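# Results of the structural survey
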Amino acid sequence: MIMSESKEKSKAALMKEKLFMNRKNGCVRVDAEEMKKADEFCEEYKNFLNQAKTEREAVIYAVEAAKIAGFTEYDYRKSYSAGDKVYVNNRNKAIMLAVIGKNGTHNGVRLGIAHIDSPRLDLKPVPVYEKNALAMFKTHYYGGIKKYQWPTVPLALHGVVVRKDGTSVPIEIGESENDPCFCVTDLLPHLANEQMSQVMTKAFNGEHLNVLVGSRPFNEDEESESVKLHILHILFEKYGILEEDFLSADLHMVPALRARDLGLDRSMIGAYGHDDKVCAYPALMAAIDADVPESTIITVLTDREEIGSDGNTGMKSTFLADFVADLAQADGEQTRHVLAKSTCLSADVNAAFDPTYASAFEANNASYLNQGAVITKYTGSGGKYSTSDASAEYMAKVRAILDDAGVLWQTGELGKVDGGGGGTIAKFVANLNADVVDLGVPVLSMHAPMEVVSKLDVYMTYRALYAFYMA
Ligand code: MN
Ligand code: MN
């Protein structure tokens, strides 16, 4: 039987349309042109992911892109006017970009904050050792990782070594096809009876995450630690560095994987470091594309979020408040009055509902791939501990901005109640007495060597930030 197309909708169907939230798949709620724009936006996003695996690399990318767009390095002694674009590079590990608004800071500033560090394996200060004729690097993991995910994944070495004379040596090995790569080894299943019967936290501990870096001795001399010597000799030849130079280095092992389209329909991107480059990149692009805003906008790409935001390049630092103070002073305003009137989108990822692990989520309040940017009213754990929880008033404002701009968005909690939890940098800005809510991209396999996002959601996060900046 064929249903007549002209059949009138029932009263209940009409009332449902009016009263219920629209939960239709986001892909059918946008037109083909919008979808094409999303795909195009994500092409350069993939380049960004490949170039910016660490916070330092993200800052290099951001400075270059900002300069091309007319941003200049901020000088607190200079005066700026509406439309001027400036940036502050904080120790090459965090960056702030501001576009001066028509009203300057008088009505507060608009903040977009995201983080550019991602979980990884950092080298210890004394990393190189030899055991049973194999040379290895000791690592200390950075951020919340499931340790079992990191063995047998090809790894690349990224970072800098700074010699005692202050000269800096950038290092990147393992990204090009011709480069060697590295890996953490794992035990073969044949001999893993004991390992496989252990709980995961015991089977893989931090001191297992040793990276294999060499196996041939320096020469035929019967010296001890000759394989280690060989590795140090290669590093000396290539970079002029000694073992003790590792003491003044920021070196990281990251997955040697390129960002790539995922799925037969190419609707998703699989890559290392989506958390939180997937919000940092849209925030950077929104700052670059922003014309002259009403209020001054500040985009912060920060470091150290994955380890609690402590330190001078993390959001617990005063660098943002100090910058706002400089801008406020130039306008004859008090910082506290500017901050109290300021609003912020804390752009960070949320956990996308994963049907394979459905029991970790509460389906009504989870975020989903392809439903657009996800607003997370609060994060935290154990009864909303350690989260700022955006007010009803501020949520209403943000909803209105997004709806007026036709941005596809959804809401989501971080997993089911008492399933675990987490936090973002929203609360640090809230503690400065500004209004904040989290908005970002839903991610599958968060913190794994390869994370997954939807292209449509990435683009909608850009559109959300842009609309917020220009509103
Ligand atoms: Mn994050
Ligand atoms: Mn994270």
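Residues numbered from 1 in each chain as written. Chains lettered and ligands numbered in written order. Predicted model: local features only at pLDDT ≥ 70, side-chain atom pairs only at ≥ 80, totals over all residues. Heavy atoms only, no water.

## Examining the overall build of the chain
Looking only at helices and strands, the chain features 13 helices and 21 strands. For 471 residues, the compact-globule estimate of 2.2 N^0.38 gives 23 Å, and the chain sits close to it at 24 Å. The dimensions of the chain, computed from C-alpha atoms along their principal axes, are 85 × 70 × 40 Å. Going through the 471 residues of the chain one by one, you find that 50% of them count as buried. Within the chain, counting contacts between residues at least 6 apart in sequence, those at least 24 apart form 75% of the total. Surface summary for the chain: the accessible area is close to 23,200 Å², and the carbon and sulfur share equals 52%. In the chain, 49 side chains carry a positive charge and 65 a negative one; their mean positions are 6 Å apart. (Helix = DSSP H or I, 4+ residues; strand = E, 2+ residues; numbered from the N terminus. Rg over C-alpha atoms; globule rule 2.2 N^0.38 Å. Buried < 20%, exposed > 50% of the residue type's maximum accessible area, 1.4 Å probe, protein only. Contact = heavy atoms within 4.5 Å. Areas by Shrake-Rupley, 256 points an atom, 1.4 Å probe, with all protein chains shown as cover. Lys, Arg positive; Asp, Glu negative; His and termini not counted. Charge placed at Lys NZ, Arg CZ, Asp CG, Glu CD.)

## Topic: the sheet that holds strand S9 (residues 183-184)
Taken together, the 7 strands give an open sheet; going across it, the order is S8-S7-S11-S5-S6-S10-S9, and neighbouring strands pair in antiparallel fashion. Single-partner strands in this sheet number two, and they are strand S8 (168-173) and S9. Pairing of strand S5 (residues 120-131) with strand S11 (residues 249-255) involves 2 bridges; the strand directions are antiparallel. Its bridge partner being in S11, leucine 121 is matched across the sheet by methionine 253. Strands in contact with helix H7 (residues 226-239) are S5, strand S6 (134-142), S8 and strand S10 (211-214); relative to S5, the strand with the most contacts, it is inclined by about 125°. (Pairing = 2+ DSSP bridges. Axes fitted to C-alpha atoms, helices over the stretch in contact; angles between N-to-C directions.)

## Thoughts on the coordination of the manganese ion (ligand 1)
Within the first shell, the manganese ion (ligand 1) binds the protein through His115 (NE2), Asp275 (OD), Asp348 (OD) and Asp348 (OD), at distances of 2.1 to 2.6 Å. If you list the donors of the manganese ion (ligand 1) from N- to C-terminus, the spacing comes out as H-x159-D-x72-D. The manganese ion (ligand 2) is placed at 3.4 Å from the manganese ion (ligand 1), the two being bridged by aspartate 275. Note that histidine 115 is positioned in strand S4 (residues 110-115) and aspartate 275 in helix H8 (residues 274-289), a separation of 160 residues in sequence. The residues histidine 115 and aspartate 275 share a single accessibility class, namely buried. (Donors = N, O, S within 2.8 Å, 3.2 Å for Na, K, Ca; no water.)

## Considerations on the packing of helix H4 (residues 55-68) against H8
It is at 10 Å that the axes of H4 and H8 come closest, and there the two elements cross at 20°. Taken as axis vectors, H4 and H8 run roughly parallel relative to one another. Considering the relative orientation of H4 and H8, their crossing is right-handed. Contact with H4, carried on its side by Tyr61, Ala62, Ala65 and Ala66, involves Tyr281, Leu284, Met285 and Ile288 of H8 and no other residues of that element. Considering only residue class, the contact of H4 with H8 consists of 8 nonpolar, no polar and no charged. (Parallel < 35°, antiparallel > 145°, perpendicular 65-115°, else oblique. Left-handed = near helix turned anticlockwise from the far one by under 90°. Nonpolar A, V, L, I, M, F, W, Y, C, P; charged D, E, K, R; others polar.)

## Comments concerning the coordination of the manganese ion (ligand 2)
Bound to the manganese ion (ligand 2) on the protein side are Asp275 (OD), Glu306 (OE), Glu306 (OE) and His447 (NE2), at distances that span 2.0 to 2.6 Å. Between the donor residues of the manganese ion (ligand 2), the gaps in sequence give the motif D-x30-E-x140-H.

## Description of a negative patch on the surface
Side chains of Glu220, Asp221, Glu222 and Glu223 sit close together on the surface and give a patch of like negative charge. Among the structural elements, glutamate 223 can be located in the loop between S10 and H7. The class for glutamate 223 is exposed, based on a relative accessible area of 57%. (Patch = residues over 30% accessible without salt bridge, like charges linked within 9 Å, V, L, I, M, F, W, Y side chains within 5 Å. Salt bridge = Lys/Arg side-chain N within 4 Å of Asp/Glu carboxyl O.)

## Details of the domain arrangement of the chain
Along its sequence, the chain is organised into domain 1 (23-118 + 272-470) and domain 2 (120-255). A separation of 33 Å is found between the C-alpha centroids of domain 1 and domain 2. If you look at where domain 1 meets domain 2, you find 4 salt bridges. Here arginine 56 ties to aspartate 250 by a salt bridge, and the two come within 2.6 Å at their closest N and O atoms. Where domain 1 meets domain 2, there are 7 residue pairs in polar contact (both at pLDDT 80 or more). A breakdown of the residues in the side of domain 1 that touches domain 2 according to their chemical character gives 4 nonpolar, 3 polar and 9 charged. (Domains from an automatic or database assignment. Polar contact = N/O pair within 3.5 Å; in protein donor to acceptor, adjacent residues only side chain to side chain.)

## Observations regarding the packing of helix H3 (residues 32-51) against H8
Interaxial distance between H3 and H8 falls to 10 Å at its minimum, and their mutual angle equals 125°. Between H3 and H8, the angle falls in the class oblique. Crossing hand, H3 versus H8: right-handed. Residue-level contacts link Phe41, Glu44, Tyr45, Phe48 and Leu49 of H3 to His274, Lys277, Val278, Tyr281, Pro282 and Met285 of H8.

## Here we look at the sheet that holds strand S21 (residues 451-454)
If you trace the 3 strands from one edge of the open sheet to the other, you get S12-S13-S21, paired in antiparallel fashion. A single partner strand is all that each edge strand has here, and the edge strands are strand S12 (260-262) and S21. Adjacent strand axes in the sheet meet at a mean angle of 35°, parallel and antiparallel pairs treated alike. Bridge count for S12 against strand S13 (residues 268-271) is 3 bridges, and the pairing is antiparallel. Note on S13: the bridge partner recorded for aspartate 261 is isoleucine 269. Against the sheet, H8 touches S13 and S21, its axis set at about 30° to S21. Contacts from helix H13 (residues 455-470) reach S12, S13 and S21, with the element oriented near 70° to S21.

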